[in-house]
Amino acid sequence: MPFILFSLLVLPMPLALAARTGRRFAELVPLVLGGASVAAYLLGLAGGLFLAPWLFLAGAAAGWIYLAVRFAVRPGESGRIGFVRALLRPDVIAFCGALALLWWICRDRCFIGWDEFSHWGLALKGVLLEDKLPCLTSIHEGFKEYPPAASLFQYILLKASGLGLREDAALFAQDILALSFLFYPLHRLEGRRGWQTLPAAAVGLFFLPLVLYMNFYTESTVDGLLGVLWGFLPLVWFLGRRGRLEQALLAVGAAQLCLTKSTGPLLAAMAFAVMLLPVRGSGVRLTARLKSLWPAAAAAVFTAGSWKLLLILAQVPKRWSPQGLTLESLWDLLIHHQPGWRVQVIRSYAANLAGDWNYGGLPGLHFPYLAFFLIGAALTALVWKLCARADRSPLVTAMIGMGVSLALYVGFILMGYLFWFTETEALLLASLSRYLNTGVTACLLVLAGFGLTALGNLRLRGVLAGTAATALLWVVLTSPWPLEILDNIVHAPDEAALTVKTVAPYHEIADRLRELPAEEDGRLPVYLIAQQDAGLAFLRANYELAPLYLDEHATSIGSPYGDGDLWTQPCTAEEWGEVLGESYQYVYLYNVDSQFAAQFLPLFDGDASIVNGNLLQVETTDAGVHLKVISTAEG
């Protein structure tokens, strides 16, 4: 059902615009879908977010009506068959086929990633429940400063289709948004050669994000999408016609990039710098380039600035902010090599960049991240050789600019670890590969766009010859582990069933705790115990319970389980009893062990009451706090 509903919603507007303007579907679909997300943000600023799904629904209906009228009344000189044939070009067929494949991958999946239920899923849940921008909802989560673009597009489709919060449909919606930008280079496919190149080109673009994000289509995190949007801007600039449509695409892409993640404005600025570089032989002056680029720059400044202002006005607490970033601290670090932990972060970061990474988990594909610069240069030389002469100078300019941008981005990531992250997270280089892969994905997409154009210019005879040649390049470019990727796609239903099984215990927690009386602000006075799970059960339970919530507390308590245990909070039975007596009415034992039982037995009615799944009531007497079992896992 989501596949049919979403297809009916996303296809008609770009198809109708293509029929009306003569421009390609692949050029118009990012404008329509990305524009819808940006428009929803603007409506949200004005307090009218609830209008966004209805306007999108009206647009889809208008698109279908226009197509029906054109088909029935004014099909054109070639007749109705010619009208349909002109409409169903290679890019349309590729997009529709990719939609079907995406739904096969996403169907029946649940959110299982940490970031999904600690922020992205919670943000979407709040928007759906309250029709407000995520930072303005009453949902309790710690990352409300994160920009909302992806959640807003999911909101539009889920609301317009009447599905509500359905996690597989939410994943599908975000994938559609990513696909609309990812498939932009397909607008260059024309005529017979376009059909010859289509199979491998579409497959290659579809697989491109999977080079570095194996879960690109199955998780609602946005780092991969960020890379696609970053690469999209130079693609439009260097491969587009530089007309009004391209200006609109750049404005939408820049706004979408700034509203996808807090690093978006930085990436947009670097993309603009690349686009302003002179192209040898083009004869386009800097003033002309600035004139073409100003709408996109204005869109980026407005969206980034308005979001920052909204966070200030709404008094949203900052989760990420510079810590000790001063000239004095930089001097101490560079000259005196202090503090020691920052020096260690720099060494670990350098070691990771130059270290031996095994991509995809398959043997034989080992190289460091720094090797991507050499690989990119070699592939650029190959594409340059295949390119038409008119595309060679833009290719060289774009790839040099993206290479420098990637190097700068690597430096900015290091600065983030040194001055934005906590010491513990910085020493662990938390999520390093996810961040680095954003830049590599952007560079690959730009290179792939030029590669697709080059292959379309080759004079190859026959469908098999064209497909074989393009498939060979795409495998080199985008599929270091094609067998593993294909295996994941073929067995997508099995993977989906596994996600359902994974989250089932947390549904049970939420169902039981939801029956308890909550305070006025939605807080449930329940202390959750989940020993040695790094806070996973707490985050997942809070997601399932929303808009109700558990307040933040240590879920693993007692003696640490080793020197590397960062999650267990040292605590005695007496100390825990004081905390329970002051702030809690219930205790839920999700995961306990013999160590917990031995240390906190004085608060319970013997070992028999310290069992997974027990819900206990906190009773305070003159003798102290006592925990009484009121229900068990069996009932």
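The rules behind these values
- Residues numbered from 1 in each chain as written.
- Predicted model: local features only at pLDDT ≥ 70, side-chain atom pairs only at ≥ 80, totals over all residues.
- Heavy atoms only, no water.
- Helix = DSSP H or I, 4+ residues; strand = E, 2+ residues; numbered from the N terminus.
- Rg over C-alpha atoms; globule rule 2.2 N^0.38 Å.
- Buried < 20%, exposed > 50% of the residue type's maximum accessible area, 1.4 Å probe, protein only.
- Contact = heavy atoms within 4.5 Å.
- Areas by Shrake-Rupley, 256 points an atom, 1.4 Å probe, with all protein chains shown as cover.
- Lys, Arg positive; Asp, Glu negative; His and termini not counted.
- Charge placed at Lys NZ, Arg CZ, Asp CG, Glu CD.
- Axes fitted to C-alpha atoms, helices over the stretch in contact; angles between N-to-C directions.
- Parallel < 35°, antiparallel > 145°, perpendicular 65-115°, else oblique.
- Nonpolar A, V, L, I, M, F, W, Y, C, P; charged D, E, K, R; others polar.
- Pairing = 2+ DSSP bridges.
- Phe/Tyr/Trp six-rings, centres within 6.5 Å; stacked < 30°, edge-to-face > 60°.
- Patch = residues over 30% accessible without salt bridge, like charges linked within 9 Å, V, L, I, M, F, W, Y side chains within 5 Å.
- Salt bridge = Lys/Arg side-chain N within 4 Å of Asp/Glu carboxyl O.
- Arc of directions from axis to C-beta.
- Core = buried A, V, L, I, M, F, W, Y, C linked by side-chain atoms within 4.5 Å.
- pLDDT = per-residue confidence, 0-100.

Asker: Can you tell me about the overall build of the protein chain, naming the residues and giving the values?
Answerer: What the protein chain contains, in helices and strands, is 26 helices and six strands. Its C-alpha atoms give the protein chain a radius of gyration of 27 Å, near enough to 26 Å, the size a compact globule of 635 residues would have. Dimensions of the protein chain, computed from C-alpha atoms along their principal axes, come out at roughly 90 × 65 × 50 Å. Counting every position in the protein chain, which comprises 635 residues, the buried fraction comes to 54%. Here the contacts in the protein chain between residues at least 6 apart in sequence split such that 74% fall between residues at least 24 apart. Roughly 27,700 Å² of accessible area belongs to the protein chain as shown, and the carbon and sulfur atoms make up 62% of that amount. Across the protein chain, 43 positive and 49 negative side-chain charges occur, with their mean positions spaced 25 Å apart.

Asker: Give me the lowdown on the packing of helix H13 (residues 264–275) against helix H14 (residues 286–313), citing residues and values where you can.
Answerer: With their axes 11 Å apart at the nearest point, H13 and H14 run at an angle of 175° to one another. Looking at the two axes, H13 sits roughly antiparallel to H14. In this structure, H13 contributes Pro-265, Phe-272 and Met-275 to the contact, and H14 contributes Arg-289, Leu-293, Ala-296, Ala-297, Ala-300 and Ala-304. Taken together, the residues of the contact of H13 with H14 break down into eight nonpolar, no polar and one charged.

Asker: Can you lay out the sheet that holds strand E5 (residues 615–621) for me, pointing to particular residues and giving the numbers?
Answerer: Ordered in space as E3-E4-E5-E6, the four strands form an open sheet in which the pairing is mixed. With partners counted over all chains shown, the strands left at the sheet margins are strand E3 (526–530) and strand E6 (624–631), one partner each. Taken over all neighbouring pairs, the strand axes of this sheet differ in orientation by 30° on average, direction set aside. In this sheet, E6 lies alongside E5 in antiparallel orientation, the contact comprising seven bridges. Bridged to Thr-621 within E6 is Gly-624. Contacting E3, strand E4 (586–591), E5 and E6, helix H23 (residues 492–513) crosses the sheet at an angle of about 170° to E4.

Asker: Run through unusual backbone geometry, naming residues and quoting values.
Answerer: The step from Ala-546 to Pro-547 runs through a cis peptide bond, and the omega angle for that step is 15°. Structurally, the position occupied by Pro-547 is in the loop between helix H24 (536–545) and helix H25 (573–583). Unlike most non-glycine residues, Asp-131 shows phi in positive territory, near 55°. Topologically, Asp-131 is positioned in the loop between helix H7 (114–130) and helix H8 (149–161). On the basis of relative accessibility, which here comes to 26%, the residue Asp-131 falls in the partly exposed class. Of note, the phi angle at Ala-534 is positive, near 60°, even though the residue is not glycine.

Asker: If you had to explain the packing of aromatic side chains to someone new, which residues and values would you point to?
Answerer: Aromatic ring pairs are defined here through the distance separating the ring centres and the angle between the ring planes. All told, the structure shown has 27 aromatic pairs when counted by the stated rule. When the centroid spacing of 6.3 Å and the interplanar angle of 65° are considered together, the rings of Phe-421 and Tyr-435 count as edge-to-face. Note that Phe-421 is positioned in the loop between helix H18 (389–419) and helix H19 (423–428) and Tyr-435 in helix H20 (residues 432–457), a separation of 14 residues in sequence. Judged by relative accessible area, Phe-421 falls into the buried class, the value being 11%.

Asker: Describe a negative patch on the surface, listing the residues and the values that go with them.
Answerer: A grouping of Glu-574, Glu-575, Glu-578 and Glu-582 is seen on the molecular surface, where their side chains present a negatively charged patch. By secondary structure assignment, the location of Glu-574 is in helix H25.

Asker: Give me helix H1 (residues 2–10): which residues, what numbers.
Answerer: Three or more residues of H1 are buried, namely Pro-2, Phe-6, Ser-7, Leu-9 and Val-10. End-on, the buried residues of H1 take up no more than an arc of 165°, which puts them together on one face. Next to the buried residues of H1 lie helix H2 (12–21), helix H3 (25–45), helix H4 (51–72), helix H6 (90–106), H8 and helix H9 (167–182).

Asker: Explain the nonpolar core residue by residue, including any values.
Answerer: Buried together is how nonpolar side chains tend to be arranged in soluble globular proteins. The biggest cluster of nonpolar side chains holds 165 residues, and the ones touching the most others in it are Ile-176, Phe-183, Tyr-349 and Tyr-417. Element by element, the count of residues in this core is highest for H20, at 14 residues. Residue contacts for Tyr-349: discarding those within four places in its chain leaves Val-410, Ile-413, Leu-414, Tyr-417, Leu-429, Leu-432 and Leu-436. Residues Ala-573, Ala-597, Leu-603 and Leu-616 belong to the second largest nonpolar core, which totals 22 residues.

Asker: Could you give an account of the confidence of the model for the protein chain, naming the residues involved and the relevant values?
Answerer: In the predicted model, the protein chain carries a mean pLDDT of 85, and 90% of its residues have values of at least 70. A low-confidence stretch, residues 460–465 (pLDDT under 50), is modelled with six contacts involving residues beyond four sequence positions or located in other chains.

Asker: Please provide a residue-by-residue account of a nonpolar patch on the surface, values included.
Answerer: Side chains of Trp-384, Val-396, Ile-400, Val-404, Leu-408 and Phe-412 sit close together on the surface and give an oily, nonpolar patch of about 530 Å² of accessible area. Considering every element that reaches the nonpolar patch, the biggest residue donor is H18, with five residues. Structurally, Phe-412 is set in helix H18.

Asker: Requested: an account of the pairing of E3, with residues and values cited.
Answerer: Of all five residues making up E3, five are buried, and the element is well covered by its neighbours. Every second residue of E3 is oriented toward a common face, with Val-526, Leu-528 and Ala-530 on one face and Tyr-527 and Ile-529 on the other, all of them buried. Bridge count for E3 against E4 is five bridges, and the pairing is parallel. The residue of E4 that forms the bridge with Leu-528 is Tyr-588.

Asker: Describe the pattern of salt bridges, listing the residues and the values that go with them.
Answerer: Under the counting rule described, the total for this entry stands at 12 salt bridges. For Arg-166, the salt bridge is made with Asp-168, and the minimal N-O distance between the two is 2.8 Å. With a relative accessible area of 29%, Arg-166 lands in the partly exposed category. In the salt-bridge network here, residues are joined through shared partners; they are Asp-115, Asp-223, Lys-261 and Arg-434.

Asker: Describe the environment of Pro-209, naming the residues involved and giving the relevant values.
Answerer: For Pro-209, the position within the fold is in the loop between helix H10 (191–207) and helix H11 (223–239). Of the residues examined, Pro-209 reaches a relative accessible area of 0% and is grouped as buried. Pro-209 sits 23 residues away from Leu-186 along the chain, and the two C-alpha atoms are 16 Å apart. Excluding anything up to four places from it in sequence, Pro-209 contacts Leu-182, Phe-216 and Tyr-217.

Asker: Run through H2, naming residues and quoting values.
Answerer: Within H2, seven of the 10 residues are buried, which leaves it mostly tucked inside the rest of the structure. Those residues of H2 that fall on the buried side of the exposure criterion are Pro-12, Met-13, Pro-14, Leu-15, Ala-16, Ala-18 and Ala-19. Gly-22 sits one or two positions beyond H2 and adopts a positive phi of about 80°.

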